[in-house]
Amino acid sequence: MAERTKLWIANVMKDLMREKPIEKIRITEICRKAMIERPTFYYHFKDKHDLVAWIFFQNAAKTNIVDLHGAAEALRGMKRDLIFFQRAYEDISQNALWQYMLEYFVKRYSDLAMEKLGMDALDVQTAFSIRSYCYGCVGMTKEWVLFDNKTSAETEVEMMFCLLYTSDAAD
């Protein structure tokens, strides 16, 4: 039941973001359109930025980040929901989506690296490399969503993967 409510609120937020940027959307407006009370919203989300991040995480959690086709499909999904992601990336508040994305991908790649390397913690250089890669990919994804209507999702992911594997080869 809680998951359905979250999905309902998320769909309302997506609808509102088709009409206006995040900074112009108020919790009261989300609640009114979703036909819920404010406590219901706050039971599920800290604020509207947490809601936007949750929408992103729903897609990201299903993505195999080291599989070219899976990652490309995730980018295609972003293009299918282009207005939502454009508005989310245009937000420059202290809780902007790119910050959530960066934290998410750094943790995900770090966990994957520790698992592959059989380690409980990463050395400083590996942690730095992962953060650098994630900053680059999040930034390039933002650029791709906001400004690039020519490069295919596959090509974008191939270029990101090339960077990853070129970095590996340099070690």
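Residues numbered from 1 in each chain as written. Predicted model: local features only at pLDDT ≥ 70, side-chain atom pairs only at ≥ 80, totals over all residues. Heavy atoms only, no water.

## Describing the side chain of Ser110
How we decide: Starting at the N terminus, helices and strands are each numbered in turn, a helix being any DSSP run of H or I of at least four residues and a strand any DSSP run of E of at least two. Should any heavy atoms of two residues lie within 4.5 Å, those residues are considered in contact.
Position of Ser110 among the secondary structure elements: in helix H7 (residues 97-117). In contact with Ser110, other than residues within four places in its own chain, are Leu122 and Ile130.

## Considerations on the state of the cysteines
The cut-off we apply is this: We call a pair of cysteine sulfur atoms a disulfide when they lie within 2.5 Å. We call a residue buried when its accessible area falls under 20% of the maximum for its residue type, exposed when it is over 50%, and partly exposed in between, using a 1.4 Å probe and counting protein chains only.
Summed over the entire model, instances satisfying the criterion amount to zero disulfides. Residue Cys134 stays outside any disulfide, its sulfur separated by 6.6 Å from that of Cys137, the closest cysteine. Overall, Cys134 belongs to the buried group, its relative accessible area being 2%. Cys137 sits in the buried class, given a relative accessible area of 11%.

## Some details on the environment of Val66
The residue Val66 is located in the loop between helix H4 (48-60) and helix H5 (68-80) in this model. Residue Val66 is classed as partly exposed on the basis of its relative accessible area of 36%. In the structure, Val66 is positioned 52 residues away from Gly118 in sequence and 18 Å away in space, judged by C-alpha atoms.

## Re the pattern of salt bridges
Stated precisely, the cut-off is as follows: Each reported salt bridge corresponds to a side-chain nitrogen of Lys or Arg within 4 Å of a carboxyl oxygen of Asp or Glu.
Counting across every chain of the model gives eight salt bridges. As a salt-bridge pair, Asp81 and Lys14 come within 2.8 Å of each other at their nearest N and O atoms. A residue pair is termed long-range when its members are at least 10 positions apart, and Asp81 in the loop between H5 and helix H6 (82-90) and Lys14 in helix H1 (residues 2-19) qualify at 67 residues. When the shortest N-O distance is used, the salt bridge between Arg76 and Glu154 registers 2.0 Å. Of this pair, Arg76 sits in helix H5 while Glu154 sits in helix H9 (residues 153-170), and the two are 78 residues apart along the sequence. By relative accessible area, which is 29% here, Glu154 ends up partly exposed.

## With respect to unusual backbone geometry
The backbone of Met35 shows a phi angle near 60°, a positive value even though the residue is not glycine. Within the secondary structure, Met35 is located in the loop between helix H2 (27-34) and helix H3 (38-44).

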